[in-house]
Amino acid sequence: MQPTDSKPNIKDASLWLLSEPRAPLQKSSIDDSTSTHSSHRRRLCRLPWFLLLMSFVEILLYLIADACMQRRLIYKPKLGHEYWRFFTYMLLHADLWHLWINICLQCFIGVYLEVEQGHWRLAVVYLTGGLCGGLANASLQPGLALIGASAGVYAMLCSHVPHLVLNFSKLSHRTWRVAVLLILFVSNVAYTVYHFCLNDNRNPRISLEAHLGGGVAGLICGFLVYKRISSETPSL
């Protein structure tokens, strides 16, 4: 009988013992990587991509749009067959102040909505408000051209009402939200009355019809497309 050497067996056993605990470490590493990736995706989803895109396009068009491009995008009466104008007029603005106030308001009003309701729901409300604002202007002021994103802004503002009704108990800073909405509404009504009474609604000419059409559309559309948010829905 040949003598056997036990050292290789001892070595193999020690290697097996050393390599055995590595499986949980590898699993933990995979879990950490998956968790990090999921967290990164949630952070990206929390960004208001739709509002950022609309603001970028509005600023870009203000900088590069010449007279020919503006004529193709603005809403004009007696051009009802060019249906894209009921949306593209929202991308144009009369001057820097008009652009600045609309972008500030749409970002201030819409960021919470987009984060909590999602990108496509806010997009539906915003674009429906613009469409209905254009239709209201065409019906009640058929001789008036129209530019500006105010109808979409009013749609988002009024869509806060269904958002609060559906989710009041789950929203953060809900009392402040109600107070801010009331302040925005009252201040806007006060400015509109002042502008109509003292300036006879000139320089600039405010389309009250488009504002009302966008606001009513946002109120109704919010009840139709907004959801009841869950506790897992990201908020700011």
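The rules behind the values
- Residues numbered from 1 in each chain as written.
- Predicted model: local features only at pLDDT ≥ 70, side-chain atom pairs only at ≥ 80, totals over all residues.
- Heavy atoms only, no water.
- Core = buried A, V, L, I, M, F, W, Y, C linked by side-chain atoms within 4.5 Å.
- Buried < 20%, exposed > 50% of the residue type's maximum accessible area, 1.4 Å probe, protein only.
- Helix = DSSP H or I, 4+ residues; strand = E, 2+ residues; numbered from the N terminus.
- Contact = heavy atoms within 4.5 Å.
- Expected span 1.5 Å × (residues − 1).
- UniProt positions renumbered as here; feature names shortened; annotations may be inferred.
- Salt bridge = Lys/Arg side-chain N within 4 Å of Asp/Glu carboxyl O.
- Arc of directions from axis to C-beta.
- Phe/Tyr/Trp six-rings, centres within 6.5 Å; stacked < 30°, edge-to-face > 60°.
- Axes fitted to C-alpha atoms, helices over the stretch in contact; angles between N-to-C directions.
- Left-handed = near helix turned anticlockwise from the far one by under 90°.
- Nonpolar A, V, L, I, M, F, W, Y, C, P; charged D, E, K, R; others polar.

Description of the nonpolar core
- Judged by nonpolar contacts, the single largest core of 34 residues is most densely connected at Phe 50, Tyr 89, Leu 122, Val 125, Tyr 126, Met 156 and Tyr 226.
- For this core, the secondary structure elements donating two or more residues are α3 (49-64), α6 (96-117), α7 (119-140), α8 (150-167) and α10 (208-225).
- For this core, the element with the most residues is α8, which contributes seven residues.
- With residues up to four places along the chain from it excluded, the contact list for Val 125 reads Ala 155, Met 156, Ser 159, Gly 218, Cys 221, Gly 222, Val 225 and Tyr 226.

So, helix α9 (residues 174-198)
- Over its 25 residues, α9 runs 36 Å from end to end, which matches the ideal 36 Å to within 8%, given 1.5 Å per residue.
- Among all positions of α9, only Arg 177, Leu 181, Thr 192 and His 195 are buried.
- At the C-terminal side of α9, Asp 200 shows a positive phi close to 55°.

Re the side chain of His 98
- Following the sequence through the fold, His 98 ends up in helix α6.
- The contact partners of His 98, leaving out residues within four places of it in the chain, are His 93, Ile 147, Gly 148 and Ser 150.

Considering unusual backbone geometry
- Of note in this structure, Asp 200 is not a glycine but carries a positive phi near 55°.
- Looking at the secondary structure, you find Asp 200 in the loop between α9 and α10.
- A positive phi angle, close to 55°, is found at Asn 201, a residue other than glycine.
- Examined against the element boundaries, Asn 201 turns out to sit in the loop between α9 and α10.

A short note on the UniProt feature "transmembrane region" (unreviewed entry) in the protein chain
- As annotated in UniProt, the feature "transmembrane region" (unreviewed entry) corresponds to residues 47-65, 96-113, 120-138, 144-166, 178-196 and 208-226 in the numbering used here.
- The straight-line gap between the two end C-alpha atoms of residues 96-113 is 26 Å; of that span, 100% is helix and 0% is strand.
- Span residues 120-138 is 100% helix and 0% strand, its end C-alpha atoms 27 Å apart.

Quick word on the pattern of salt bridges
- What the rule picks out here adds up to two salt bridges.
- Residues Arg 85 and Glu 82 are paired through a salt bridge, measuring 2.4 Å at the closest nitrogen-oxygen approach.
- By relative accessible area, Arg 85 is classed as buried at 3%.
- Among the ionic pairs, Arg 177 bridges to Glu 116, the shortest N-O distance being 2.7 Å. With Arg 177 in helix α9 and Glu 116 in helix α6, this pair connects stretches of sequence that are 61 residues apart.
- Its relative accessible area of 9% is what places Arg 177 among the buried residues.

So, α3
- Between its terminal C-alpha atoms α3 stretches 22 Å, which fits the 22 Å expected from 16 residues at 1.5 Å a residue.
- What α3 keeps buried is the set Phe 50, Leu 51, Met 54, Ser 55, Glu 58 and Leu 61. Down the axis of α3, the smallest arc covering the buried residues is 135°, so these residues share one side. The exposed set on the far side of α3, more than 90 degrees from its buried face, consists of Phe 56, Leu 63 and Ile 64.
- Residues of α3 that are buried in the fold lie against α4 (67-73), α6, α7 and α8.

Brief notes about the packing of aromatic side chains
- All told, the structure shown has two aromatic pairs when counted by the stated rule.
- Each ring, one from Phe 50 and one from Tyr 126, has its centre 5.5 Å from the other, and the planes form 80°; the classification is edge-to-face. One end of the pair, Phe 50, is in helix α3; the other, Tyr 126, is in helix α7, and 76 residues separate them in sequence. Taken individually, Phe 50 and Tyr 126 each receive the classification buried, so the pair is uniform in this respect.
- Between Tyr 75 and Phe 86, the ring centres sit 5.2 Å apart and the planes meet at 40°, which makes this aromatic pair tilted.

Some remarks on the packing of α7 against α10
- At a closest axis distance of 7 Å, the pairing of α7 and α10 adopts a crossing angle of 145°. When you trace α7 past α10, the crossing you get is right-handed. For the pair formed by α7 and α10, the contact residues are Arg 121, Val 124, Val 125, Thr 128, Gly 129, Cys 132, Gly 133, Ala 136, Asn 137 and Leu 140 on the first element and Glu 209, Ala 210, Gly 213, Gly 214, Ala 217, Gly 218, Cys 221, Gly 222 and Val 225 on the second.
- Here the contact of α7 with α10 is composed, by residue class, of nine nonpolar, eight polar and two charged.

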